Amino acid sequence: MAKKLLLTCIIVFGLYYIFFFSHIDQSVKLIFKVIPMILLIFMAITQKAQSIKKYQRFIIIGLVFCMIGDYTLQWFLIGLTSFLIGHVFYIFAFSSTSEQPVPTWAKIGLLLYGAAMAIWIASTVFKSGETVLTFAVLAYISIILTMGWTAIRTSSPFAIIGALLFITSDSYLAINKFIMPLPFAHEIIMTTYYSAQILIALSILQYSEIRSKVVQ
């Protein structure tokens with residue numbers, strides 16, 4: 001019951017920020033932006049997962065760095081670095097599992113998508129003279145695709161769908177920021193982002209259940 005109530009609060013605060021906070025003071029807006037993440041971190045900490053403490057710990061640390069990224073994205077490189085670190089911890093969590101191999105079609109799909117995004121986004125940034133930002137973007141693309149790759153190993157639909165939604169959110173953000181304005185950018189980016197984080201946090205219990213069945 002408490003978990004459902006907390007999850008409801010996360011969704012309500014997330015929707016409130018996405019759809020009703022577009023024209024207010026930036027400092028207040030940023031506070032409401034991180035409230036869903038604070039609640040998510042609390043939910044992740046209080047989940048009673050069995051025998052996967054390493055997985056749970058890495059997910060919690062990843063959520064914390066993503067929350068920092070949410071607040072610091074106004075200074076883009078700092079925010080990007082925080083998210084990158086967050087993804088590294090998600091990779092640590094997902095890599096600690098080995099429930100299923102990554103299918104060849106998924107490997108090829110992620111590699112082709114990553115190459116296309118790297119050529120499109122990074123080349124555009126490089127042409128603008130932002131060399132440091134170009135390398136940061138390339139590093140971020142590599143890390144987030146690795147995060148998606150390793151999520152498949154968990155056999156957790158929540159982890160896999162969450163990782164793919166994260167890739168979708170960041171792709172839409174990158175295209176909107178560096179290539180061209182996209183329709184409903186804020187709404188789509190934040191909806192997919194919060195959905196991704198919710199599913200990744202919920203994957204703690206789901207993966208715990210998967211491991212329990214394997215042990216039995």
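Residues numbered from 1 in each chain as written. Predicted model: local features only at pLDDT ≥ 70, side-chain atom pairs only at ≥ 80, totals over all residues. Heavy atoms only, no water.

A short note on the overall build of the protein
(1) Moving on: Looking only at helices and strands, the protein has 8 helices and 0 strands in total.
(2) Moving on: Counting from the amino terminus, helix and strand elements in the protein follow one another as α-α-α-α-α-α-α-α.
(3) Moving on: Against the compact-globule benchmark of 17 Å for 216 residues, the protein has a radius of gyration of 17 Å, which places it among compact chains.
(4) Moving on: In terms of overall dimensions, the protein has C-alpha extents of about 55 × 45 × 25 Å along its principal axes.
(5) Moving on: In the protein, buried positions account for 46% of the 216 residues.
(6) Moving on: Intrachain contacts of the protein at a sequence separation of at least 6 include 75% that bridge at least 24 residues.
(7) Moving on: Total accessible area on the protein stands at roughly 11,000 Å², and carbon and sulfur atoms take up 72% of it. (Helix = DSSP H or I, 4+ residues; strand = E, 2+ residues; numbered from the N terminus. Rg over C-alpha atoms; globule rule 2.2 N^0.38 Å. Buried < 20%, exposed > 50% of the residue type's maximum accessible area, 1.4 Å probe, protein only. Contact = heavy atoms within 4.5 Å. Areas by Shrake-Rupley, 256 points an atom, 1.4 Å probe, with all protein chains shown as cover.)

As for the confidence of the model for the protein
(1) Moving on: In the predicted model, the protein carries a mean pLDDT of 90, and the fraction of residues at 70 or more is 97%.
(2) Moving on: Looking across the protein, the model is least confident in helix H8 (residues 185-215), with a mean pLDDT of 89, and most confident in helix H3 (residues 53-72), with 96. (pLDDT = per-residue confidence, 0-100.)

Examining the environment of Phe-184
(1) Moving on: Here Phe-184 lies in the loop between helix H7 (157-179) and H8.
(2) Moving on: Note: C-alpha distance between Phe-184 and Thr-8 (176 residues apart in sequence) is 24 Å.

Quick notes on unusual backbone geometry
(1) Moving on: The backbone phi angle of Ser-155 is positive, close to 65°, even though this residue is not glycine.
(2) Moving on: One can find Ser-155 in the loop between helix H6 (131-151) and H7.
(3) Moving on: One non-glycine residue, Phe-184, adopts positive backbone phi at about 55°.

Looking at H7
(1) Moving on: Under the 1.5 Å per step criterion, the end-to-end length of H7 is 32 Å for 23 residues, consistent within 8% with the ideal 33 Å.
(2) Moving on: The complete set of buried residues in H7 reads Ala-159, Gly-162, Ala-163, Phe-166, Ile-167, Ser-169, Asp-170, Ser-171, Tyr-172, Ala-174, Ile-175 and Phe-178. (Expected span 1.5 Å × (residues − 1).)

With respect to the side chain of Asp-170
(1) Moving on: Assignment of secondary structure puts Asp-170 in helix H7.
(2) Moving on: Look at Asp-170: it is buried, it has no salt bridge, and the nearest opposite charge is Lys-33 at 9.8 Å.
(3) Moving on: If we skip the residues at most four places from it in the chain, Asp-170 touches His-87, Tyr-140 and Ile-144. (Lys, Arg positive; Asp, Glu negative; His and termini not counted. Salt bridge = Lys/Arg side-chain N within 4 Å of Asp/Glu carboxyl O.)

Examining the packing of aromatic side chains
(1) Moving on: Scanning the entire structure with this criterion turns up 14 aromatic pairs.
(2) Moving on: Between Tyr-17 and Tyr-194, the aromatic rings sit 6.4 Å apart at their centres with planes inclined by 80°, giving edge-to-face as the arrangement. Of the two residues, Tyr-17 sits in helix H1 (residues 2-20) while Tyr-194 sits in helix H8, which places them 177 residues apart along the sequence. Like Tyr-194, Tyr-17 is buried.
(3) Moving on: Seen in terms of ring centroids, Tyr-90 and Phe-94 are 6.4 Å apart; in terms of plane orientation they differ by 25°. Their pairing is stacked. Of this pair, Tyr-90 and Phe-94 are both found in helix H4 (residues 76-95), 4 residues apart, which corresponds to roughly one turn of the helix. The two residues Tyr-90 and Phe-94 agree in class, both being buried.
(4) Moving on: Among the aromatic residues, ring-to-ring pairing joins Tyr-17, Phe-83, Phe-166, Tyr-193 and Tyr-194 into one connected group.
(5) Moving on: Stacked on the ring of Phe-76, the Lys or Arg Lys-177 has its end atom at 4.6 Å from the ring centre. (Phe/Tyr/Trp six-rings, centres within 6.5 Å; stacked < 30°, edge-to-face > 60°. Lys NZ or Arg CZ within 6 Å of the ring centre and 35° of its normal.)

What to know about H6
(1) Moving on: Over its 21 residues, H6 extends 31 Å from the first C-alpha to the last, a length consistent with the 30 Å expected when each residue adds 1.5 Å.
(2) Moving on: Leu-133, Thr-134, Ala-136, Val-137, Tyr-140, Ile-141, Ile-144, Leu-145, Met-147, Gly-148, Thr-150 and Ala-151 are the residues of H6 that are buried.
(3) Moving on: If you follow the buried residues of H6, they end up packed against H4, helix H5 (104-127) and H7.

Brief notes about the layout of surface pockets
Rolling a probe over the atoms, with the probe sized like a water molecule, indicates the empty space that remains.
(1) Moving on: Looking at the largest pocket, its volume works out to about 750 Å³.
(2) Moving on: The wall of the largest pocket is formed by 35 residues, among which Leu-73, Phe-76, Asp-170, Leu-173 and Ile-189 lie closest to the centre.
(3) Moving on: Looking at the lining of the largest pocket, the elements that each hand over two or more residues are helix H2 (26-46), H4, H5, H6, H7 and H8.
(4) Moving on: It is H7 that provides the largest number of residues to the lining of the largest pocket, a total of 10 residues.
(5) Moving on: Here the lining of the largest pocket is built from residues that sort into 23 nonpolar, 7 polar and 5 charged. (1 Å grid on protein atoms, 1.4 Å probe; cavity = no way out; pocket = protein on both sides within 12 Å on 5 of 7 lines; lining within 4 Å. Points joined across faces, edges and corners; volume = space filled by probe spheres on them. Nonpolar A, V, L, I, M, F, W, Y, C, P; charged D, E, K, R; others polar.)

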